[in-house]
Number of protein chains: 2
Amino acid sequence: MEGVKHIVAVASGKGGVGKSTVTVNLALAMAAEGYRVGVLDADIYGPSQAQMLGVGEGVRPQAAGENRFLPLEAHGIQAMSMAFMVDVREPMVWRGPMVAGAFQQMLTQTKWDDLDYLFIDMPPGTGDVQLTLAQKVPVDGAVIVTTPQDIALLDARKGIEMFRKVKVPVLGVVENMSLHTCSQCGHQEPVFGAGGGERIATEYDTRVLARLPLALSIREQVDGGRPSVVAEPEGDIAASFRDMARQVAEQIAASVGDSGPSISFSEE
Amino acid sequence: MEGVKHIVAVASGKGGVGKSTVTVNLALAMAAEGYRVGVLDADIYGPSQAQMLGVGEGVRPQAAGENRFLPLEAHGIQAMSMAFMVDVREPMVWRGPMVAGAFQQMLTQTKWDDLDYLFIDMPPGTGDVQLTLAQKVPVDGAVIVTTPQDIALLDARKGIEMFRKVKVPVLGVVENMSLHTCSQCGHQEPVFGAGGGERIATEYDTRVLARLPLALSIREQVDGGRPSVVAEPEGDIAASFRDMARQVAEQIAASVGDSGPSISFSEE
């Protein structure tokens, strides 16, 4: 893709597992590591990157010549989202081909400026956007986000199977909302279960890139347009994302020139 | 629809807010109130009703004459899901028209047995399944599930707007994962924010049907195939769902013969 060196899809089988939150923090962490980074919000029905990056309602991208748009900039990264094009309160009641068309427009008409990494925030499921991505875009790898409970793992498996079918290497699994720590007594509770990320990583011979807690602060920070990596750059959450960013960069560097369909690393 | 008196869609703009958990518990609560109840799992990409109802992998519905299927029975309610038709581990990598087709088959080929209420567990978003539903099915009302945080409300609004556009009355909003109560010290924490359900209900002149806590037990019980209403019929959670079921029944009874597009009740 023009203006983009590497493309990483951030996906989950199921919605609501924190995929957009992981995407934006991972992108900001990669930028903090010194790379030039962009985020493409491919969730057409429910785009959330505008709010998470603190881009105000109604801010629109500038045209760049005929038929192309400049991405918006926020916290030092470039971003494109359906939310920059339409009223975010209006539902896009669209059948699949319209969705695939809108996604393809964002893919082909955004004028990214010399990116090392473009992170694509995928919508949930395994439908039109996923098929379009697989057919039109040379994706270097996929990061799978899941919560630890059984019902979410069921869908995470499907996400992994889908990327395998289309020969996109799965770089690893992010287990999100792992443990809730009580802000009063410090008691830890596996509200959404425990150990699911590890199980699924073992099952598919991939690694756990990070285990993130169920923490009020992470949610408040993205809701407020200042993701944790920006809001608390020296905090534990930012450190987890910086570590995740380094693992992603290492794996992609290692795969350059490797045309094989899958990469696996031992976690010993 | 043949064999069905009333149809209620349970929807959310965003995935992962507990829509399937609310659907199955609301259906079981309605059955506990003495009605004949069915659940249609319209989430083609990520069906979860089989696991939530404790229906084993590989259990398949029986044929009923040419081209029709009997729903499965579990905990006294009837159920149909894509999970009864296919291997739940395989991703359905389908474009929209395939998904709409599969949904329409489940709608037309399931032989429901004399239901008072059919609850449809909708997939997230406002796409093919939602359009097919609006065009093919006489839906009596919609229940909107949301978590309280801003990002989820953004999508819940879209869900409500969509039902308004197609003249389906919104029966109310369920605020899920409202407060987490520490199992050790009892401290309550608004992990996903607070008050969002109330705000959106006011904004759209509808009611809050229930506020449900972020509780380990609710998740464990559906993961284990015994939803809270069945697992702890005398508990607080079951009581909330029984109350929700009565509100749904009352509103639908009140709307019989009313051809107007929207129903609203004062919550004073």
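Just above, that's the structure.
Reading the values: rules and limits
- Residues numbered from 1 in each chain as written.
- Chains lettered and ligands numbered in written order.
- Predicted model: local features only at pLDDT ≥ 70, side-chain atom pairs only at ≥ 80, totals over all residues.
- Heavy atoms only, no water.
- Helix = DSSP H or I, 4+ residues; strand = E, 2+ residues; numbered from the N terminus.
- Rg over C-alpha atoms; globule rule 2.2 N^0.38 Å.
- Buried < 20%, exposed > 50% of the residue type's maximum accessible area, 1.4 Å probe, protein only.
- Contact = heavy atoms within 4.5 Å.
- Areas by Shrake-Rupley, 256 points an atom, 1.4 Å probe, with all protein chains shown as cover.
- Pairing = 2+ DSSP bridges.
- Axes fitted to C-alpha atoms, helices over the stretch in contact; angles between N-to-C directions.
- Least-squares fit on C-alpha atoms with pLDDT ≥ 70 in both.
- Buried area = accessible area lost by both parts, 1.4 Å probe.
- Salt bridge = Lys/Arg side-chain N within 4 Å of Asp/Glu carboxyl O.
- Polar contact = N/O pair within 3.5 Å; in protein donor to acceptor, adjacent residues only side chain to side chain.
- Parallel < 35°, antiparallel > 145°, perpendicular 65-115°, else oblique.
- Left-handed = near helix turned anticlockwise from the far one by under 90°.

(A) Fine view of the overall build of chain A. Of regular secondary structure, chain A possesses 9 helices and 10 strands. Since a compact globule built from 268 residues should have a radius of gyration of about 18 Å, the 17 Å found for chain A is in line with a globular shape. Over its C-alpha atoms, taken along the principal directions, chain A stretches across nearly 55 × 45 × 40 Å. The buried share among the 268 residues of chain A stands at 60%. Long-range pairs, those at least 24 residues apart, make up 78% of the contacts in chain A between residues at least 6 apart in sequence. As displayed, chain A offers around 10100 Å² of accessible surface, 48% of which is attributable to carbon and sulfur atoms.

(B) Representation of the sheet that holds strand 4 (residues 77–81) of chain A. Residue and element names in this part refer to chain A. Taken in spatial order, the 8 strands make up an open sheet running 3-4-2-5-1-6-7-10, and their pairing is mixed. The strands lining the two open edges of the sheet, one partner per strand, are strand 3 (72–74) and strand 10 (208–211). Taking each pair of neighbouring strands and ignoring which way they run, the sheet shows an average axis angle of 25 degrees. Across 3 bridges, the pairing between strand 3 and strand 4 is antiparallel. Within the sheet, the bridge partner assigned to Ala74 lies in strand 4 and is Ile77. Each of strand 2 (37–41), strand 4 and strand 5 (115–121) touches helix 3 (residues 96–109); the most contacted strand, strand 2, lies at about 160 degrees to it.

(C) Summary view of the relation of the copies chain A and chain B. Between chain A and chain B, which share one sequence, the superposing operator has a rotation angle of 180 degrees and an axial displacement of 0.0 Å; the RMSD is 0.0 Å. Both copies are brought into coincidence by an operation consistent with a two-fold rotation axis. Most of the interface of chain A is mirrored in chain B, where 100% of its interface residues again form contacts.

(D) Highlighting the interface of chain A and chain B. In this complex, chain A contributes 54 residues to the contact, which on the side of chain B involves 54 residues. At the boundary of chain A with chain B, total buried surface from both sides reaches about 5000 Å², with 57% on carbon and sulfur atoms. The largest contributions to the chain A side of the interface with chain B come from Arg95, Ile151 and Lys158 of chain A, which together make up 13% of the buried area. Inspection of the region where chain A meets chain B yields 4 salt bridges. Notably, a salt bridge pairs Lys165 of chain B with Glu90 of chain A, separated by 3.2 Å at the nearest N-O pair. Taken together, the connections running from chain A to chain B amount to 34 residue pairs in polar contact (both at pLDDT 80 or more). Those elements that provide at least two residues to the side of chain A that touches chain B are helix 2 (49–52), helix 3, helix 4 (128–136), helix 5 (150–165), strand 8 (180–181) and helix 7 (216–223) of chain A.

(E) Region of interest: the packing of helix 5 (residues 150–165) of chain B against helix 6 (residues 196–203) of chain B. Residue and element names in this part refer to chain B. Put simply, helix 5 and helix 6 touch, their axes get as near as 11 Å, and they point 30 degrees apart. Relative to helix 6, the element helix 5 lies roughly parallel. Between helix 5 and helix 6 the crossing geometry is right-handed. Facing Asp150, Leu153, Ala156, Arg157 and Ile160 of helix 5, the residues of helix 6 in contact are Gly196, Arg199, Ile200 and Glu203.

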